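Structural description and commentary
Below are the chains, spelled out letter by letter.
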Amino acid sequence: MNNTASTRRVMAGAFAGALMVLVLSTVLGWHVGPEVAGETDGPASAVRDAPPGTCLTWTRQDAGDARRVECDKPHLFEITGSVDLSADFPPGSPFPDAIRWEGIAADRCTEMSVQYLDGRFDPNGKLGVNLLRSGEKSWNSGERKVWCGMQDAGPSGLLYPTAGSAKTADPSNVHPQGMCLGISGKQVYDPVQCDRPHAYEVVGVVNLGARFPQEFPAEAKQDELLAAECPKTAAEFAGGQDVVSRKGLIVFWDTLKQESWLAGARRVECKVGARLPDKSGLAPVHGSVKGDVLVGKEQAPVLLSKLPPGAPAPAGSPGTEVKAEETVVPTNANSEHPGGTPGGEAPATPTSTGG
(Lines give C-alpha, C1' and ligand atoms only; values in the text may rest on other atoms or scores of the structure.)
Protein backbone atom coordinates (compact mmCIF):
# COMPACT_ATOMS: atom_id res chain seq x y z
CA MET A 1 0.00 0.00 0.00
CA ASN A 2 1.71 3.07 -1.27
CA ASN A 3 1.16 5.07 1.87
CA THR A 4 2.00 8.55 0.62
CA ALA A 5 3.57 10.12 -2.43
CA SER A 6 6.61 10.86 -0.28
CA THR A 7 6.79 7.67 1.79
CA ARG A 8 7.00 4.78 -0.63
CA ARG A 9 6.15 1.17 0.00
CA VAL A 10 8.43 -1.81 0.36
CA MET A 11 6.51 -4.87 -0.63
CA ALA A 12 6.85 -8.58 -1.20
CA GLY A 13 4.23 -11.20 -1.88
CA ALA A 14 3.63 -14.91 -2.39
CA PHE A 15 1.19 -16.98 -4.43
CA ALA A 16 -0.26 -20.48 -4.43
CA GLY A 17 1.03 -23.57 -6.18
CA ALA A 18 4.63 -22.45 -5.67
CA LEU A 19 3.87 -19.26 -7.54
CA MET A 20 5.94 -16.40 -6.25
CA VAL A 21 5.30 -12.68 -6.46
CA LEU A 22 7.97 -10.10 -7.12
CA VAL A 23 6.79 -6.65 -6.10
CA LEU A 24 8.15 -3.42 -7.50
CA SER A 25 8.86 -0.54 -5.17
CA THR A 26 9.66 2.56 -7.18
CA VAL A 27 12.11 3.83 -4.60
CA LEU A 28 13.65 0.93 -2.72
CA GLY A 29 13.90 -1.75 -5.39
CA TRP A 30 12.50 -5.21 -5.93
CA HIS A 31 11.86 -7.76 -3.20
CA VAL A 32 11.25 -11.44 -3.74
CA GLY A 33 8.52 -13.18 -1.78
CA PRO A 34 9.10 -16.63 -0.29
CA GLU A 35 8.24 -19.73 -2.28
CA VAL A 36 5.00 -21.43 -1.31
CA ALA A 37 5.10 -25.19 -1.79
CA GLY A 38 2.20 -26.63 -3.74
CA GLU A 39 1.22 -30.20 -4.59
CA THR A 40 2.44 -29.86 -8.16
CA ASP A 41 4.78 -26.88 -7.80
CA GLY A 42 2.92 -25.42 -10.78
CA PRO A 43 0.53 -22.58 -11.50
CA ALA A 44 -2.78 -22.51 -9.68
CA SER A 45 -5.78 -23.26 -11.89
CA ALA A 46 -7.03 -19.70 -11.37
CA VAL A 47 -3.90 -18.39 -13.09
CA ARG A 48 -3.15 -20.82 -15.88
CA ASP A 49 -4.36 -19.43 -19.23
CA ALA A 50 -5.87 -16.39 -17.49
CA PRO A 51 -6.08 -13.49 -19.98
CA PRO A 52 -5.08 -9.90 -19.25
CA GLY A 53 -7.73 -8.22 -17.15
CA THR A 54 -8.32 -11.26 -14.96
CA CYS A 55 -8.61 -10.38 -11.27
CA LEU A 56 -7.71 -12.79 -8.49
CA THR A 57 -8.31 -12.98 -4.78
CA TRP A 58 -7.63 -15.41 -1.94
CA THR A 59 -7.97 -15.66 1.84
CA ARG A 60 -5.32 -18.17 2.89
CA GLN A 61 -1.85 -16.98 3.78
CA ASP A 62 -0.41 -19.33 1.13
CA ALA A 63 -3.04 -18.25 -1.43
CA GLY A 64 -4.04 -21.89 -1.83
CA ASP A 65 -7.67 -20.87 -2.37
CA ALA A 66 -6.96 -18.36 -5.14
CA ARG A 67 -9.93 -17.78 -7.43
CA ARG A 68 -10.98 -15.45 -10.21
CA VAL A 69 -13.42 -12.63 -9.42
CA GLU A 70 -14.94 -9.75 -11.33
CA CYS A 71 -12.62 -6.76 -11.13
CA ASP A 72 -15.32 -4.52 -9.65
CA LYS A 73 -15.25 -6.83 -6.62
CA PRO A 74 -12.46 -6.70 -4.02
CA HIS A 75 -9.38 -8.47 -5.36
CA LEU A 76 -5.66 -8.80 -4.65
CA PHE A 77 -4.12 -9.08 -8.13
CA GLU A 78 -5.01 -7.95 -11.66
CA ILE A 79 -3.21 -9.73 -14.48
CA THR A 80 -1.79 -7.39 -17.11
CA GLY A 81 -0.31 -10.09 -19.32
CA SER A 82 1.93 -13.13 -19.44
CA VAL A 83 5.47 -13.64 -20.69
CA ASP A 84 7.11 -16.80 -22.03
CA LEU A 85 10.77 -16.80 -21.06
CA SER A 86 11.70 -19.84 -23.17
CA ALA A 87 13.75 -17.83 -25.65
CA ASP A 88 15.92 -16.43 -22.87
CA PHE A 89 16.03 -19.61 -20.79
CA PRO A 90 16.18 -22.77 -22.95
CA PRO A 91 15.80 -26.26 -21.44
CA GLY A 92 18.46 -26.95 -18.86
CA SER A 93 18.86 -23.31 -17.83
CA PRO A 94 19.41 -22.98 -14.09
CA PHE A 95 16.62 -21.54 -12.01
CA PRO A 96 17.21 -17.77 -11.81
CA ASP A 97 18.40 -16.39 -8.50
CA ALA A 98 16.58 -13.52 -6.78
CA ILE A 99 18.63 -10.81 -8.50
CA ARG A 100 17.96 -12.28 -11.94
CA TRP A 101 14.24 -12.55 -11.19
CA GLU A 102 14.22 -8.93 -10.14
CA GLY A 103 15.70 -7.94 -13.47
CA ILE A 104 13.18 -10.06 -15.39
CA ALA A 105 10.30 -8.54 -13.50
CA ALA A 106 11.54 -4.98 -13.91
CA ASP A 107 12.36 -5.38 -17.60
CA ARG A 108 9.36 -7.39 -18.75
CA CYS A 109 6.46 -6.66 -16.41
CA THR A 110 6.81 -2.91 -16.08
CA GLU A 111 6.63 -2.40 -19.85
CA MET A 112 3.76 -4.86 -20.21
CA SER A 113 1.78 -3.28 -17.39
CA VAL A 114 2.30 0.24 -18.74
CA GLN A 115 0.97 -0.94 -22.11
CA TYR A 116 -1.99 -2.61 -20.40
CA LEU A 117 -2.78 0.68 -18.68
CA ASP A 118 -2.49 2.61 -21.98
CA GLY A 119 0.42 4.53 -20.50
CA ARG A 120 -1.51 5.53 -17.37
CA PHE A 121 0.95 4.05 -14.89
CA ASP A 122 1.61 6.21 -11.86
CA PRO A 123 5.00 5.31 -10.34
CA ASN A 124 3.89 7.07 -7.15
CA GLY A 125 0.39 5.60 -7.19
CA LYS A 126 -1.55 3.11 -5.17
CA LEU A 127 -0.70 0.05 -7.26
CA GLY A 128 2.68 -1.48 -7.98
CA VAL A 129 3.83 -3.86 -10.70
CA ASN A 130 4.07 -7.51 -9.67
CA LEU A 131 5.09 -10.80 -11.21
CA LEU A 132 3.71 -14.27 -10.49
CA ARG A 133 5.89 -17.26 -11.28
CA SER A 134 6.04 -20.96 -10.51
CA GLY A 135 8.72 -22.57 -8.39
CA GLU A 136 11.98 -24.32 -9.11
CA LYS A 137 10.42 -27.77 -9.54
CA SER A 138 8.16 -26.55 -12.34
CA TRP A 139 11.03 -24.57 -13.84
CA ASN A 140 13.16 -27.72 -14.06
CA SER A 141 10.22 -29.44 -15.76
CA GLY A 142 10.19 -26.76 -18.45
CA GLU A 143 7.75 -24.15 -17.12
CA ARG A 144 8.75 -20.74 -18.43
CA LYS A 145 5.54 -18.73 -18.23
CA VAL A 146 5.19 -15.82 -15.82
CA TRP A 147 2.23 -13.52 -15.17
CA CYS A 148 2.55 -9.76 -14.79
CA GLY A 149 0.02 -7.67 -12.90
CA MET A 150 -0.94 -4.90 -10.53
CA GLN A 151 -1.30 -5.22 -6.77
CA ASP A 152 -1.52 -3.14 -3.60
CA ALA A 153 0.69 -4.21 -0.71
CA GLY A 154 1.64 -2.62 2.57
CA PRO A 155 5.16 -2.14 3.92
CA SER A 156 4.69 -5.28 6.00
CA GLY A 157 4.09 -7.34 2.86
CA LEU A 158 0.39 -7.78 3.62
CA LEU A 159 -1.79 -7.49 0.53
CA TYR A 160 -4.73 -5.08 0.53
CA PRO A 161 -7.79 -5.47 -1.67
CA THR A 162 -8.73 -3.05 -4.38
CA ALA A 163 -11.97 -2.79 -6.35
CA GLY A 164 -12.27 -1.68 -9.94
CA SER A 165 -9.91 -2.39 -12.80
CA ALA A 166 -6.52 -0.69 -12.77
CA LYS A 167 -7.30 0.32 -16.36
CA THR A 168 -10.12 2.64 -15.30
CA ALA A 169 -9.59 3.41 -11.61
CA ASP A 170 -8.19 6.71 -10.41
CA PRO A 171 -4.56 5.90 -9.53
CA SER A 172 -4.40 8.54 -6.77
CA ASN A 173 -2.69 7.20 -3.67
CA VAL A 174 -5.23 8.27 -1.06
CA HIS A 175 -6.99 6.73 1.95
CA PRO A 176 -10.41 7.42 3.47
CA GLN A 177 -10.90 10.30 5.86
CA GLY A 178 -10.25 9.15 9.43
CA MET A 179 -7.83 6.34 8.52
CA CYS A 180 -4.57 6.15 10.46
CA LEU A 181 -1.36 4.84 8.91
CA GLY A 182 0.94 2.96 11.26
CA ILE A 183 4.57 3.73 11.97
CA SER A 184 7.72 1.60 11.99
CA GLY A 185 10.79 3.47 13.13
CA LYS A 186 10.41 6.76 11.25
CA GLN A 187 8.60 5.20 8.30
CA VAL A 188 4.90 4.99 7.47
CA TYR A 189 3.53 1.46 7.90
CA ASP A 190 0.26 -0.41 7.34
CA PRO A 191 -3.19 1.01 8.25
CA VAL A 192 -4.03 0.66 11.96
CA GLN A 193 -6.74 1.59 14.42
CA CYS A 194 -6.07 5.15 15.53
CA ASP A 195 -5.56 4.14 19.16
CA ARG A 196 -2.45 2.29 18.00
CA PRO A 197 0.84 4.14 17.33
CA HIS A 198 0.59 5.77 13.94
CA ALA A 199 2.46 8.15 11.66
CA TYR A 200 -0.53 10.24 10.65
CA GLU A 201 -4.29 10.42 10.41
CA VAL A 202 -6.01 11.33 7.13
CA VAL A 203 -8.30 14.31 7.76
CA GLY A 204 -9.45 14.79 4.18
CA VAL A 205 -8.88 14.23 0.49
CA VAL A 206 -8.58 17.13 -1.96
CA ASN A 207 -9.25 16.81 -5.68
CA LEU A 208 -6.75 19.13 -7.35
CA GLY A 209 -8.53 18.61 -10.66
CA ALA A 210 -11.47 20.65 -9.40
CA ARG A 211 -9.24 23.73 -9.14
CA PHE A 212 -6.85 22.88 -11.97
CA PRO A 213 -8.99 21.26 -14.69
CA GLN A 214 -6.48 21.72 -17.50
CA GLU A 215 -2.70 21.68 -17.26
CA PHE A 216 -0.51 20.26 -14.50
CA PRO A 217 -0.16 22.79 -11.67
CA ALA A 218 3.36 23.49 -10.45
CA GLU A 219 3.95 22.17 -6.95
CA ALA A 220 4.17 25.75 -5.68
CA LYS A 221 0.60 26.28 -6.88
CA GLN A 222 -0.49 23.03 -5.27
CA ASP A 223 1.11 24.12 -2.00
CA GLU A 224 -0.63 27.47 -2.16
CA LEU A 225 -4.01 25.81 -2.52
CA LEU A 226 -3.38 23.09 0.05
CA ALA A 227 -1.92 25.51 2.61
CA ALA A 228 -5.40 27.02 2.77
CA GLU A 229 -7.47 23.89 2.23
CA CYS A 230 -5.79 21.36 4.51
CA PRO A 231 -5.68 23.39 7.75
CA LYS A 232 -9.34 24.28 7.29
CA THR A 233 -10.23 20.66 6.65
CA ALA A 234 -8.21 19.53 9.67
CA ALA A 235 -10.00 22.03 11.92
CA GLU A 236 -13.40 20.87 10.69
CA PHE A 237 -12.48 17.22 11.17
CA ALA A 238 -10.93 17.76 14.61
CA GLY A 239 -13.85 19.85 15.87
CA GLY A 240 -12.28 23.24 16.41
CA GLN A 241 -9.97 25.89 15.01
CA ASP A 242 -7.09 25.30 17.45
CA VAL A 243 -7.63 21.62 18.27
CA VAL A 244 -4.79 20.34 16.06
CA SER A 245 -2.10 22.65 17.46
CA ARG A 246 -3.39 22.33 21.04
CA LYS A 247 -2.87 18.57 20.84
CA GLY A 248 0.72 18.95 19.66
CA LEU A 249 0.02 18.02 16.05
CA ILE A 250 0.75 19.67 12.72
CA VAL A 251 -1.07 19.66 9.39
CA PHE A 252 0.72 18.41 6.30
CA TRP A 253 -0.16 17.12 2.84
CA ASP A 254 1.10 15.52 -0.35
CA THR A 255 1.64 17.14 -3.73
CA LEU A 256 1.53 15.44 -7.11
CA LYS A 257 4.45 15.01 -9.49
CA GLN A 258 3.87 15.58 -13.19
CA GLU A 259 4.17 11.88 -14.00
CA SER A 260 1.36 11.15 -11.57
CA TRP A 261 -0.78 13.90 -13.08
CA LEU A 262 -0.23 12.55 -16.60
CA ALA A 263 -1.27 9.09 -15.37
CA GLY A 264 -4.58 10.53 -14.19
CA ALA A 265 -3.96 11.12 -10.48
CA ARG A 266 -5.76 14.20 -9.14
CA ARG A 267 -6.38 13.55 -5.45
CA VAL A 268 -4.07 14.13 -2.49
CA GLU A 269 -4.36 13.67 1.26
CA CYS A 270 -4.48 16.22 4.05
CA LYS A 271 -3.22 14.69 7.28
CA VAL A 272 -2.19 15.39 10.84
CA GLY A 273 0.78 13.99 12.70
CA ALA A 274 3.79 15.09 14.73
CA ARG A 275 7.54 15.41 14.38
CA LEU A 276 10.11 13.95 16.72
CA PRO A 277 11.69 16.58 18.98
CA ASP A 278 14.87 16.60 16.88
CA LYS A 279 12.75 16.92 13.69
CA SER A 280 14.47 13.83 12.25
CA GLY A 281 11.21 12.16 11.30
CA LEU A 282 7.65 11.39 12.29
CA ALA A 283 6.80 10.77 15.92
CA PRO A 284 4.43 7.98 17.00
CA VAL A 285 0.97 9.33 17.77
CA HIS A 286 -1.66 7.51 19.84
CA GLY A 287 -5.31 8.45 19.42
CA SER A 288 -7.40 10.27 16.85
CA VAL A 289 -7.28 14.06 16.68
CA LYS A 290 -11.00 13.86 17.44
CA GLY A 291 -10.21 12.57 20.95
CA ASP A 292 -7.36 12.19 23.40
CA VAL A 293 -3.93 12.29 21.78
CA LEU A 294 -0.53 11.24 23.08
CA VAL A 295 2.55 12.17 21.03
CA GLY A 296 5.63 10.03 21.58
CA LYS A 297 8.96 11.70 22.25
CA GLU A 298 11.09 8.86 20.89
CA GLN A 299 11.27 7.01 17.61
CA ALA A 300 8.73 4.21 17.24
CA PRO A 301 10.02 0.63 17.31
CA VAL A 302 10.87 -0.89 13.96
CA LEU A 303 8.19 -3.46 13.16
CA LEU A 304 8.92 -6.83 11.60
CA SER A 305 6.06 -8.68 9.96
CA LYS A 306 5.34 -12.10 11.47
CA LEU A 307 3.18 -13.18 8.51
CA PRO A 308 4.42 -14.53 5.18
CA PRO A 309 4.86 -11.69 2.68
CA GLY A 310 1.86 -11.77 0.39
CA ALA A 311 -0.66 -12.84 3.01
CA PRO A 312 -3.95 -10.92 2.75
CA ALA A 313 -4.58 -8.32 5.42
CA PRO A 314 -7.04 -9.80 7.96
CA ALA A 315 -10.66 -9.30 6.98
CA GLY A 316 -12.19 -6.31 8.77
CA SER A 317 -8.84 -4.72 9.60
CA PRO A 318 -8.18 -1.09 8.59
CA GLY A 319 -7.67 -0.74 4.87
CA THR A 320 -9.63 -3.83 3.82
CA GLU A 321 -13.00 -2.18 3.20
CA VAL A 322 -12.98 -1.02 -0.41
CA LYS A 323 -15.39 -0.07 -3.15
CA ALA A 324 -14.96 0.32 -6.89
CA GLU A 325 -13.84 3.65 -8.28
CA GLU A 326 -16.47 5.25 -10.50
CA THR A 327 -14.22 7.26 -12.80
CA VAL A 328 -10.69 7.41 -14.13
CA VAL A 329 -9.92 11.06 -13.43
CA PRO A 330 -12.32 12.95 -11.14
CA THR A 331 -11.39 16.34 -12.61
CA ASN A 332 -14.83 17.88 -12.17
CA ALA A 333 -15.53 16.65 -8.66
CA ASN A 334 -15.47 18.85 -5.57
CA SER A 335 -13.07 18.32 -2.72
CA GLU A 336 -13.89 15.02 -1.05
CA HIS A 337 -14.22 16.24 2.52
CA PRO A 338 -16.41 18.62 4.53
CA GLY A 339 -15.65 22.25 3.77
CA GLY A 340 -15.69 22.26 -0.02
CA THR A 341 -13.85 25.37 -1.14
CA PRO A 342 -10.35 26.49 -0.18
CA GLY A 343 -9.87 29.13 2.45
CA GLY A 344 -9.88 29.61 6.18
CA GLU A 345 -7.27 30.29 8.83
CA ALA A 346 -4.65 27.71 9.62
CA PRO A 347 -5.08 25.95 12.98
CA ALA A 348 -1.53 24.65 12.95
CA THR A 349 1.75 25.10 11.13
CA PRO A 350 1.13 23.51 7.72
CA THR A 351 3.73 21.49 5.92
CA SER A 352 3.93 19.94 2.46
CA THR A 353 5.50 16.51 2.22
CA GLY A 354 6.07 16.89 -1.49
CA GLY A 355 5.74 14.13 -4.06
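Residues numbered from 1 in each chain as written. Predicted model: local features only at pLDDT ≥ 70, side-chain atom pairs only at ≥ 80, totals over all residues. Heavy atoms only, no water.

1. Regarding the overall build of the protein chain
Within the protein chain, the regular secondary structure consists of five helices and 17 strands. Relative to its full complement of 355 residues, the protein chain shows a buried share of 56%. When contacts within the protein chain are restricted to residue pairs at least 6 apart in sequence, those whose partners lie at least 24 apart make up 70%. A total of about 15000 Å² of accessible surface is found on the protein chain, and carbon and sulfur atoms cover 51% of it. (Helix = DSSP H or I, 4+ residues; strand = E, 2+ residues; numbered from the N terminus. Buried < 20%, exposed > 50% of the residue type's maximum accessible area, 1.4 Å probe, protein only. Contact = heavy atoms within 4.5 Å. Areas by Shrake-Rupley, 256 points an atom, 1.4 Å probe, with all protein chains shown as cover.)

2. Digging into helix 3 (residues 219-238)
A rise of 1.5 Å per residue sets the reference length of helix 3, with its 20 residues, at 28 Å; its end C-alpha atoms lie 27 Å apart and thus fit the reference within 8%. Maximal helix bending in helix 3 amounts to about 35°, located at L226. Those residues of helix 3 that fall on the buried side of the exposure criterion are Q222, L225, L226, E229, C230, P231, T233, A234, A235, F237 and A238. Taken from the residues just after helix 3, G239 is the one with a positive phi, measuring 100°. (Expected span 1.5 Å × (residues − 1). Bend = angle between axes of the 7 residues up to and from the residue.)

3. Some remarks on the pattern of salt bridges
Enumeration according to the criterion identifies seven salt bridges in this entry. Taking the shortest distance from any N to any O, the salt bridge between D88 and R108 comes out at 3.1 Å. Taken together, the residues D88 in the loop between strand 6 (77-84) and helix 1 (98-116) and R108 in helix 1 connect sequence positions 20 residues apart. We classify D88 as partly exposed; its relative accessible area is 46%. Taking relative accessible area as the criterion, R108 reaches 33% and is therefore assigned partly exposed. (Salt bridge = Lys/Arg side-chain N within 4 Å of Asp/Glu carboxyl O.)

4. Quick notes on the pairing of strand 10 (residues 180-184)
The buried fraction of strand 10 amounts to five of the five residues, a majority that puts the element mostly inside the structure. The pairing of strand 10 with strand 11 (residues 187-192) spans four bridges and is antiparallel. Among the inter-strand pairings, I183 is bridged to a residue of strand 11, identified as V188. The loop that links strand 10 with its antiparallel partner strand 11 comprises two residues; one of these, G185, has a positive phi angle of about 65°. (Pairing = 2+ DSSP bridges.)

5. What to know about the pairing of strand 7 (residues 128-133)
Residues in a regular strand point their side chains to alternate faces of the sheet. By the criterion of burial, strand 7 is predominantly enclosed, with six of the six residues buried. Side-chain alternation along strand 7 places G128, N130 and L132 on one buried face and V129, L131 and R133 on a second face that is also buried. In the sheet, strand 7 pairs with strand 8 (residues 145-153) via six bridges, with the strands oriented antiparallel. In the sheet register, R133 faces strand 8, and the bridge partner there is V146.

6. Quick look at the packing of aromatic side chains
Following the criterion strictly, the structure yields six aromatic pairs and no others. Feature note: the residues F89, F95, W101 and W139 constitute an aromatic cluster, connected by ring pairs. The ring of W261 has R266 lying over it, and the distance from NZ or CZ to the ring centre is 3.8 Å. For K271, the ring lying beneath its charged end belongs to Y200, and the centroid distance is 4.3 Å. (Phe/Tyr/Trp six-rings, centres within 6.5 Å; stacked < 30°, edge-to-face > 60°. Lys NZ or Arg CZ within 6 Å of the ring centre and 35° of its normal.)

7. Let's talk about the confidence of the model for the protein chain
Predicted confidence across the protein chain gives a mean pLDDT of 81, with 79% of residues reaching 70 or more. A low-confidence stretch, residues 4-39 stays under pLDDT 50, and its non-local contacts, those more than four residues away or across chains, total 150 contacts. For the stretch residues 329-350, pLDDT sits under 50, and the model shows 64 contacts to residues farther than four places along the chain or on other chains. (pLDDT = per-residue confidence, 0-100.)

8. As for the state of the cysteines
With the rule as written, the count across this model stands at four disulfides. Across the disulfide, C180 is cross-linked to C194 (sulfur-sulfur distance 2.0 Å). Sign of the S-S torsion, about 100° for the bond between C180 and C194, identifies this disulfide as right-handed. Residue C180 is located in strand 10, and its partner C194 is located in the loop between strand 11 and strand 12 (198-207); the two are separated by 14 residues in the primary sequence. The pair formed by C180 and C194 is uniform in burial state, with each residue classed as buried. Paired through a disulfide, C230 and C270 show a sulfur-sulfur distance of 2.0 Å. On the sign convention where negative is left-handed, the bridge of C230 and C270, at about -65° about the S-S bond, is left-handed. You can see C230 sitting in helix 3 and its partner C270 sitting in strand 14 (residues 267-273), a full 40 residues away along the chain. Assigned by exposure class, C230 and C270 land together as buried. (Disulfide = S-S within 2.5 Å.)

9. Details of the nonpolar core
Grouped burial of nonpolar side chains is what soluble globular proteins tend to show. Membership of the largest hydrophobic core comes to 27 residues, with the highest contact counts inside it found for L208, L226, V244, L249, V251, V272 and V289. Elements with a contribution of two residues or more to this core: strand 12, helix 3, helix 4 (243-246), strand 13 (250-253) and strand 14. Looking at this core element by element, the count peaks at six residues for helix 3. Counting residues in hydrophobic clusters, the runner-up holds 19 residues, among them L127, L131, M150 and A166. (Core = buried A, V, L, I, M, F, W, Y, C linked by side-chain atoms within 4.5 Å.)

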